[in-house]
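Remarks on the overall topology
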Amino acid sequence: MAHNSSAAGDAAQTGGYQSWWQRAQGSGKGADHAARVTTNRRLRITVIIVLVMALLLGGRLLYLQVIRAPALADVAKDFRTASYKQQALRGDIVDTQGTVLATSVPRYNVRADQVALEDYVSYSEDGKTIVGVGPAAAAKKLAPVLGVDEARLGGTLLGPRGENTNQWALIASGLSSDQWQKVKDLGIHGIYPERYMERIYPNGNTAGNVLGYVGQSADDELVRGRAGIESSMDKTLAGQDGSISAEVGPYGTTFPDSERVTKKAVDGREVQLTLDADIQRAAQDAVDAQVKKTHATWGTAVVLEIGTGAILTLADSASPDPSQLNKTSTENWGARSVSSAVEPGSVGKLMTLAAAIDQQKVTPLTPVTVASNMTMPNGEEISDADNHATETMTVAGGLAKSYNTAMVQVGDTISDQVRYSYLQKFGLGKPTGIELPAETSGLLRPYDQWGSRDHYMTMIGQALSVNTLQLAQMVAVFGQQGTLIPPHIVQGYEDESGVYTPTVVGTAQRVVSKETAQTMLQVMQGVTRDGATAGKLGRIAGYNVAGKTGTGENADSSGALTNTVTSFVGIVPADSPRVAIAVTLYFQGSYVPGAAVPVFQKIGEYTMRDLKVSPSTQPLFEYPWYPSGN
């Protein structure tokens, strides 16, 4: 019985095992058969999903660790690489004599690698004895050179321990090259320079309106030229910044095996201007003094070299010191001499007379009847500035007295179309092309848009506008044998190879004949005679002057013609032209007639001395103001 009982138990165990396995496989019989089938199906699906996911993850891991590993390593390196800019020095801006007007001085911030300094060892002068180790030893050497407290510097060099250790800690700023060299000579591993550029203008506000300034803007954090030559020649002056980079941890800790990569900065290149710094200074002083004396709003002056188009002076009142812009109102930061358009007034009569002479319609001796007020053929009333008797004068006399009634008769000898073409050839209505930003082209409306009054106003320098440089360009035509030479203010610059590249001067354009130009120089000398509009104030001792005064009306903010510009243009010497000078003074409300003339005189006197121009050898040319017998 016992045997049978044991066999039955084994059979029961075997049957139980088989029954369990069958149930696990979803087979076998019993009340839970359907549930086991469902469970088994779900299990198989789960296993398949797990296997698929494992395959996907394995494939992704293979892709990342084998195929994409190099690229990802580069990305990770870039992510943990810290780069510090080494600013390039801007190129110098110099005048025609080489006088430095703007330069860059390297300044240095001193940075410390707190980790590297832990291994610093200081030796005695003979190099045989260790006298100190670590940040404290480095501070002992550095403190006297930097002029700081040794204990405080030691604390900075030690820094916090652990993850917060800084390997680019700032310990000094604004050092000169000599000061940095002294730090460098200490030979302390872990002390690094951070170079940046400081722009310096050695002559203060001399030519500040021309030079412009450098800085950042709200839309651009890059330090670049923002006005003047600094802006227009920025690509040449700027250079290319360098950098120092290394792999660092989250708190600035450099990885032990990382490499510190240095990319040297490429400094900018030099730009030479046509300006003469001495004449520029004298012109600015003369303009500033007259603006102050006459309570003018602003003034400008231009000195243009005859025959070359080189601008020796481009002066504006209240010119800023580019290194201290905050001391000058923003409205004075630019160059009004090229950006502000004004009516030339009677200076414009020169172009009317030149056109009529060139067309052989009049000569300087042609008689004209002048009166204080005249009614012209189209019904327009023309008046002179002052009351005077009705009389017959020569055209030369009418210009010397600047009678409107004389000049409109001269202008009526040629058509508007012909006169308009001369105005264009004299450079009106288009910018000169000078290498400065924000130049205005002035205003010259087409002749078919002139009204009945514009017909006459354009003869006497009204109903049109110019900038001061355009005035100088215009009058220079008479000293250049009737040709217009485009002005320029950049004499040359260094190219990328360091080779000096001179400016290519624009092609001269014929405006009037040589004979007409010579005749105009002779007529204009009458303006400095006694009784003329300039008189003795327009004279320069030892030199004949060919000039012309002007008074123009300008609109105020409401459009009313309440503002006035007085101007003077001249060529010196008249018998052997060297320079053309144009001066304008702008007044709001009341004005001082002829206020520009004394400024011209002062600038002319200084320019003749500075250029060492020989005095005139011929007497002042004097056309008669009245016909023979009068």
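Above this text you will find the structure in question.
Remember, it's a predicted structure, so these values are computed and weren't measured experimentally. (Residues numbered from 1 in each chain as written. Predicted model: local features only at pLDDT ≥ 70, side-chain atom pairs only at ≥ 80, totals over all residues. Heavy atoms only, no water.)

Within the chain, the secondary structure is distributed over 19 helices and 25 strands. Counting only residues that meet the buried cut, the chain has 48% of its 630 residues in that class. Residue pairs in contact within the chain that sit at least 24 positions apart in sequence constitute 71% of those at least 6 positions apart. Here the chain displays about 30400 Å² of accessible surface, and carbon together with sulfur accounts for 52% of that area. (Helix = DSSP H or I, 4+ residues; strand = E, 2+ residues; numbered from the N terminus. Buried < 20%, exposed > 50% of the residue type's maximum accessible area, 1.4 Å probe, protein only. Contact = heavy atoms within 4.5 Å. Areas by Shrake-Rupley, 256 points an atom, 1.4 Å probe, with all protein chains shown as cover.)

A few words on the packing of helix 12 (residues 349–358) against helix 17 (residues 468–479). It is the contact of helix 12 with helix 17, at a shortest axis distance of 11 Å, that shows an interaxial angle of 35°. Of the two elements, helix 12 crosses helix 17, and the hand of that crossing is left-handed. For the pair helix 12 and helix 17, contact is made by Leu-350, Met-351 and Ala-354 and by Met-474, Val-475 and Phe-478, respectively. Among the residues making up the contact of helix 12 with helix 17, the classes are represented as six nonpolar, no polar and no charged. (Axes fitted to C-alpha atoms, helices over the stretch in contact; angles between N-to-C directions. Left-handed = near helix turned anticlockwise from the far one by under 90°. Nonpolar A, V, L, I, M, F, W, Y, C, P; charged D, E, K, R; others polar.)

Let us now look at the packing of aromatic side chains. Following the criterion strictly, the structure yields nine aromatic pairs and no others. When the ring of Tyr-420 is compared with that of Trp-450, the centres are 6.1 Å apart and the planes differ by 75°; the resulting orientation is edge-to-face. Here the residue Tyr-420 occupies a position in helix 15 (residues 416–425), and Trp-450 occupies one in the loop between helix 15 and helix 16 (454–457), the gap between them amounting to 30 residues. Here Tyr-420 falls in the buried class, since its relative accessible area comes to 13%. One aromatic cluster is present, built from ring pairs that chain together Tyr-420, Tyr-447 and Trp-450. (Phe/Tyr/Trp six-rings, centres within 6.5 Å; stacked < 30°, edge-to-face > 60°.)

Time to look at the layout of surface pockets. Empty pockets left among the atoms are what a rolling probe the size of a water molecule brings to light. Within this model, the largest pocket holds a volume of roughly 850 Å³. If you trace the largest pocket, you find 37 residues lining it, with Ser-346, Ala-385, Ser-402, Thr-551 and Tyr-591 closest to the centre. Secondary-structure elements contributing two or more residues to the lining of the largest pocket are strand 17 (381–383), strand 23 (546–554) and strand 24 (563–572). Among the elements that make up the lining of the largest pocket, the one with the highest residue count is strand 23 (five residues). Class assignment of the residues belonging to the lining of the largest pocket gives a composition of 11 nonpolar, 19 polar and seven charged. (1 Å grid on protein atoms, 1.4 Å probe; cavity = no way out; pocket = protein on both sides within 12 Å on 5 of 7 lines; lining within 4 Å. Points joined across faces, edges and corners; volume = space filled by probe spheres on them.)

The next point concerns the packing of helix 12 against helix 14 (residues 404–411). Direction vectors running N to C along helix 12 and helix 14 enclose 40°, while the axes themselves pass 9 Å from each other. The angle between the axes of helix 12 and helix 14 places the two elements in the oblique class. Handedness of the helix 12/helix 14 crossing: left-handed. Residue-level inspection shows Lys-349, Thr-352, Leu-353 and Ala-356 of helix 12 in contact with helix 14, the latter providing Asn-404, Met-407, Val-410 and Gly-411. Residue composition of the contact of helix 12 with helix 14, grouped by class: four nonpolar, three polar and one charged. (Parallel < 35°, antiparallel > 145°, perpendicular 65-115°, else oblique.)

Further remarks concern helix 4 (residues 134–146). An ideal rise of 1.5 Å per residue puts 18 Å on 13 residues; helix 4 measures up with 18 Å between its terminal C-alpha atoms. Along helix 4, the residues that are buried comprise Gly-134, Pro-135, Ala-137, Ala-138, Ala-139, Leu-142, Ala-143 and Leu-146. Contacts made by the buried residues of helix 4 are with strand 4 (121–123), strand 5 (130–133), helix 5 (150–158), strand 6 (169–175), helix 6 (177–185) and strand 7 (191–200). One or two steps after helix 4, the chain reaches Gly-147, where phi turns positive at roughly 70°. (Expected span 1.5 Å × (residues − 1).)

Counted under the stated rule, the structure contains two cavities of 30 Å³ or more. For the second largest cavity, the calculated volume is near 30 Å³. The wall of the second largest cavity is formed by Pro-344, Gly-348, Met-351, Leu-428, Val-466, Gln-470, Leu-471 and Met-474. The leading source of residues in the lining of the second largest cavity is helix 17, at three residues.

So, about the pattern of salt bridges. As enumerated under the stated definition, the model contains 14 salt bridges in all. Among the ionic pairs, Glu-230 bridges to Arg-199, the shortest N-O distance being 2.9 Å. Here Arg-199 lies in strand 7 and Glu-230 lies in helix 8 (residues 228–232), a separation of 31 residues in the sequence. For the pair Glu-230 and Arg-199, one class covers both residues: buried. As a salt-bridge pair, Arg-445 and Asp-454 come within 2.7 Å of each other at their nearest N and O atoms. One salt-bridge network, in which partners are shared between bridges, spans Arg-90, Arg-199, Asp-220, Arg-224, Arg-226, Glu-230 and Asp-234. (Salt bridge = Lys/Arg side-chain N within 4 Å of Asp/Glu carboxyl O.)

So, about the environment of Leu-117. Note that Leu-117 resides in the loop between strand 3 (100–112) and strand 4. The class of Leu-117 is buried, set by a relative accessible area of 0%. Expressed as a C-alpha distance, the spacing of Leu-117 and Pro-135, which sit 18 residues apart in the sequence, is 5.5 Å. Among residues more than four places away in sequence, those in contact with Leu-117 are Ala-112, Gly-134, Pro-135, Ala-138, Leu-157, Ile-188, His-189 and Ile-191.

Glancing now at the side chain of Thr-458. Relative to the helices and strands, Thr-458 resides in the loop between helix 16 and helix 17. Exposure remark for Thr-458: the relative accessible area of 1% places this residue in the buried category. Here Asp-454 takes part through its backbone oxygen, which lies 2.8 Å from a polar atom of the side chain of Thr-458. (Polar contact = N/O pair within 3.5 Å; in protein donor to acceptor, adjacent residues only side chain to side chain.)

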